[in-house]
Amino acid sequence: MTGTALEPAAQGASPLVTQLPLLREELRRRPVAIAAVFAGIALVALAIGVLLPRKYTAATTILVQESNIIAPLMEGRAVPTGVSDRAAITREVAFSRKVMQQILEAGGWMEDRPSPVEQEKLIERIIARTDITNPRPNLIGISYTDASPERAFEVTRRFADLVIEESLATKERESRQAYEFIDQQVEQYHAKLTDAEARLEQYRRDNPDARVGVEMDVNARIGELRRHIETTRLELIDQRSEEAALQAQLSGESEVSAVRTRESEMRARLIELQSERDRLLLSFTDRHPDVVRVQHQIRDLEDALEAESQRQLARSAGQDGAINSASEYNPLYTELRSRLAAAQRRTAATASRIAMAEGMLGNELDRSLRIASSESALAELTRDYEVNRDLYQDLLRRRENARVSMNLDAERRGLSFRIQEPAELPLRPAGLRLLYMAVGGLFLAFAVPAALLLGLVKLDPRVRAPRQVETLAGLPVLGVIPRFPTRAARARELRSLGLASMLFLSVPVAYITVWAIKWLQHQ
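Residues numbered from 1 in each chain as written. Predicted model: local features only at pLDDT ≥ 70, side-chain atom pairs only at ≥ 80, totals over all residues. Heavy atoms only, no water.

Colleague: Looking at this structure, I do not really get the overall build of the protein chain. What am I missing?
Modeller: The helix and strand tally for the protein chain stands at 15 helices and 6 strands. The buried share among the 523 residues of the protein chain stands at 29%. Long-range pairs, those at least 24 residues apart, make up 84% of the contacts in the protein chain between residues at least 6 apart in sequence. With the model as given, the accessible surface of the protein chain reaches about 34,100 Å², and the carbon-plus-sulfur share is 57%. (Helix = DSSP H or I, 4+ residues; strand = E, 2+ residues; numbered from the N terminus. Buried < 20%, exposed > 50% of the residue type's maximum accessible area, 1.4 Å probe, protein only. Contact = heavy atoms within 4.5 Å. Areas by Shrake-Rupley, 256 points an atom, 1.4 Å probe, with all protein chains shown as cover.)

Given below as structure tokens:
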């Protein structure tokens, strides 16, 4: 129970100075085991370094040139190739079946005529040993690792050539396919545009009013006719008022009016002369000259009046139904009747114009209804035509751009590839070398036995030093009885020490031998 309680304290209280004699004692007691562990680790690391296959890595860098003197000249006409991840695209190109088949031939794997299954395995191993990176936006790095430096160099160089060749061929093929696709779309939309134009033209032919702007013209015509009808109706009202006024004036006039004829004038003169004679006779006698003169005038007028009466009778006998010579047609009545007739004619013409305008207005209203009913169909046909026309024109521009891009890719004037750093024959193997394995093995050969001894001392629960008794039990140590080995024990120790020395010396001998062989191989 005491040992169990003191064990943790011993582990924590033993200083390094106290443990060094213990480590030396354990080393003296187990030299063969420690030397065997040391030699085993060192020799195993050396064997791994010797047997580790050599790997030679060849690398090349490809520069992708996007901008050149043609780029600004063809801006907006040629479509550049936009690449976001060149390493991924290069990996797809490099690991394609076509490229890998040529890599197998370049690396000499096809000389043994492997089966398809073996070819697939070879391709998988080549892909696993190939690294494609994108260190900068316009740089592509390709590296290949192989046991043969010549094969690594040849495969890397062939990878670069094939990647450039296939990338340019792929870009040219894509631009040609894009041009052919756009050209096919142009032909299809040309047919659609022709069909839409034919349907629109046929619809306009069948519906003359189905034209752009006709509705505005019809609405303007309707407004004009309505204004004309209103104006004409006002004019008709004025004409009817004028006609009524003329009718009223005409009703107040007689058709025939009396006139003063020659006979009536003679009779009036005769009456005047008779009155004058009667007046003179009041003052004078019948023989007075003035009375005689008046009587002579009266007799002359009576004779003239008689003759005029005879003429009037003769004229009346020759003109039956004629108006009396003492009367004639009223000229004002005649003028009023003429003006009334003209007003009636104007009124009738105005009413006729109103009726005609109303008929035209009805026709225009019916026409506007027909236009409204055909507007949706016309709008749909027009929209279909305009959409196909816009798409067709856009595709024509795109086809020309695609044609220019295709010509640039065909002549390799656009995106270009150039080998910035060509592959070189590797002279030193890559990865873990023999030197690294040897140095690492020696370090582990020293560290592992030391760690084992330290662990053994720390984990051993026994009291192994006088200081542990003083520290743990608090009792003074009066003396220590030394160990005296027997002759047989000393002989066993010497044999163990000799065997351990041989194991320890085998390590430098093996290392020196290996380095000598390597040096002779390089000579």
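Colleague: Looking at this structure, how should I read the packing of aromatic side chains?
Modeller: How two aromatic rings sit relative to each other is set out by the distance from centre to centre and by the angle between their planes. Considering all chains together, one arrives at 3 aromatic pairs under this definition. With a centroid separation of 4.9 Å and an interplanar angle of 25°, the aromatic rings of Phe38 and Phe504 are classed as stacked. Pair noted here: Phe38 is in helix H3 (residues 31-51) and Phe504 is in helix H15 (residues 487-522), with a separation of 466 residues, a long-range link. For the pair Phe95 and Phe159, a centre-to-centre distance of 6.5 Å together with 75° between the ring planes defines the contact as edge-to-face. (Phe/Tyr/Trp six-rings, centres within 6.5 Å; stacked < 30°, edge-to-face > 60°.)

Colleague: Teacher, can you tell me more about the nonpolar core here?
Modeller: A general trend in soluble globular proteins is that nonpolar side chains are found buried together. Residues Ile62, Ile103, Trp109, Ile126, Ile142 and Phe159 are the most contacted members of the largest nonpolar core, which totals 25 residues. Elements that contribute at least two residues to this core include exactly strand E1 (56-65), helix H6 (97-106), helix H7 (116-129), strand E3 (139-146) and helix H8 (149-206). Once you skip the residues sitting within four places of it in the chain, Ile126 turns out to touch Met100, Ile103, Leu104, Trp109, Tyr144 and Phe159. Ranked by size, the runner-up nonpolar core spans 15 residues in total, among them Leu378, Tyr385, Leu395 and Ala402. (Core = buried A, V, L, I, M, F, W, Y, C linked by side-chain atoms within 4.5 Å.)

Colleague: Help me understand the pairing of E3 in this model?
Modeller: If a strand is regular, its side chains alternate between the two faces of the sheet. Of all 8 residues that make up E3, 8 are buried, and the element is covered over most of its length. Burial along E3 is two-sided: Leu139, Gly141, Ser143 and Thr145 facing one way and Ile140, Ile142, Tyr144 and Asp146 facing the other are all buried. Between strand E2 (residues 130-136) and E3, which follow one another and run antiparallel, lie 2 residues. (Pairing = 2+ DSSP bridges.)

Colleague: Is there a simple way to explain the packing of H6 against H8 in this structure?
Modeller: Relative orientation and spacing of two packed helices are given, respectively, by the angle between their axes and the distance between those axes. In contact at an axis separation of 10 Å, H6 and H8 are set at 150° when each is read in the N-to-C sense. Classed by the angle they form, the pair H6 and H8 counts as roughly antiparallel. The handedness of the crossing between H6 and H8 comes out as right-handed. Mapping the contact onto sequence places Lys98, Val99, Met100, Gln102, Ile103 and Ala106 in H6 and Glu154, Val155, Arg158, Phe159, Leu162 and Glu166 in H8. By residue class, the composition of the contact of H6 with H8 is 7 nonpolar, 1 polar and 4 charged. (Axes fitted to C-alpha atoms, helices over the stretch in contact; angles between N-to-C directions. Parallel < 35°, antiparallel > 145°, perpendicular 65-115°, else oblique. Left-handed = near helix turned anticlockwise from the far one by under 90°. Nonpolar A, V, L, I, M, F, W, Y, C, P; charged D, E, K, R; others polar.)

Colleague: I tried to follow the environment of Gln274 on my own but got confused; where do I start?
Modeller: Summarising the element assignment, Gln274 is placed in helix H10 (residues 262-281). Linking Gln274 and Val294, residues 20 residues apart in sequence, is a C-alpha distance of 7.8 Å. Beyond its immediate sequence surroundings of up to four residues, Gln274 is in contact with Ile298 and Glu302.

Colleague: Explanation requested: the environment of Arg399 in the structure shown.
Modeller: Structurally, the position occupied by Arg399 is in helix H12 (residues 331-410). What makes Arg399 buried here is its relative accessible area of 15%. Considering only alpha carbons, one finds Arg399 and Ile182, 217 residues apart in sequence, at a separation of 5.7 Å. Among residues more than four places away in sequence, those in contact with Arg399 are Tyr179, Ile182, Asp183, Val186 and Glu187. Separated by 2.9 Å, the side chains of Arg399 and Asp183 make a polar contact. (Polar contact = N/O pair within 3.5 Å; in protein donor to acceptor, adjacent residues only side chain to side chain.)

Colleague: Honestly, the pairing of E2 in this entry has me stumped. Any pointers?
Modeller: Pairing between E2 and E3: 5 bridges, direction antiparallel. In the strand pairing of E3, Arg136 is matched with Leu139.

Colleague: Even after reading the chapter, I still don't get the side chain of Gln119, so can you show me in this structure?
Modeller: Examined against the element boundaries, Gln119 turns out to sit in helix H7. When sequence neighbours within four positions are dropped, the list of residues in contact with Gln119 reads Arg97, Gln101, Leu104, Met110 and Pro114.

Colleague: Looking at this model, I keep getting lost on the pattern of salt bridges. Mind explaining?
Modeller: Side-chain pairing between opposite charges can occur once the charged atoms of the two side chains come close. Here the structure, examined in full by the defined rule, presents 16 salt bridges. The salt bridge involving Arg157 is made with Glu154; its shortest N-O contact spans 2.4 Å. In this pair, Arg157 and Glu154 are both assigned in helix H8, 3 residues apart and thus about one turn of the helix distant. One salt bridge connects Arg399 with Asp183, and the closest N-O pair in it is separated by 2.9 Å. Of this pair, Arg399 sits in helix H12 while Asp183 sits in helix H8, and the two are 216 residues apart along the sequence. Among the residues examined, Asp183 registers a relative accessible area of 24% and is labelled partly exposed. One connected set of salt bridges, linked through shared partners, spans Glu154, Arg157 and Asp161. (Salt bridge = Lys/Arg side-chain N within 4 Å of Asp/Glu carboxyl O.)

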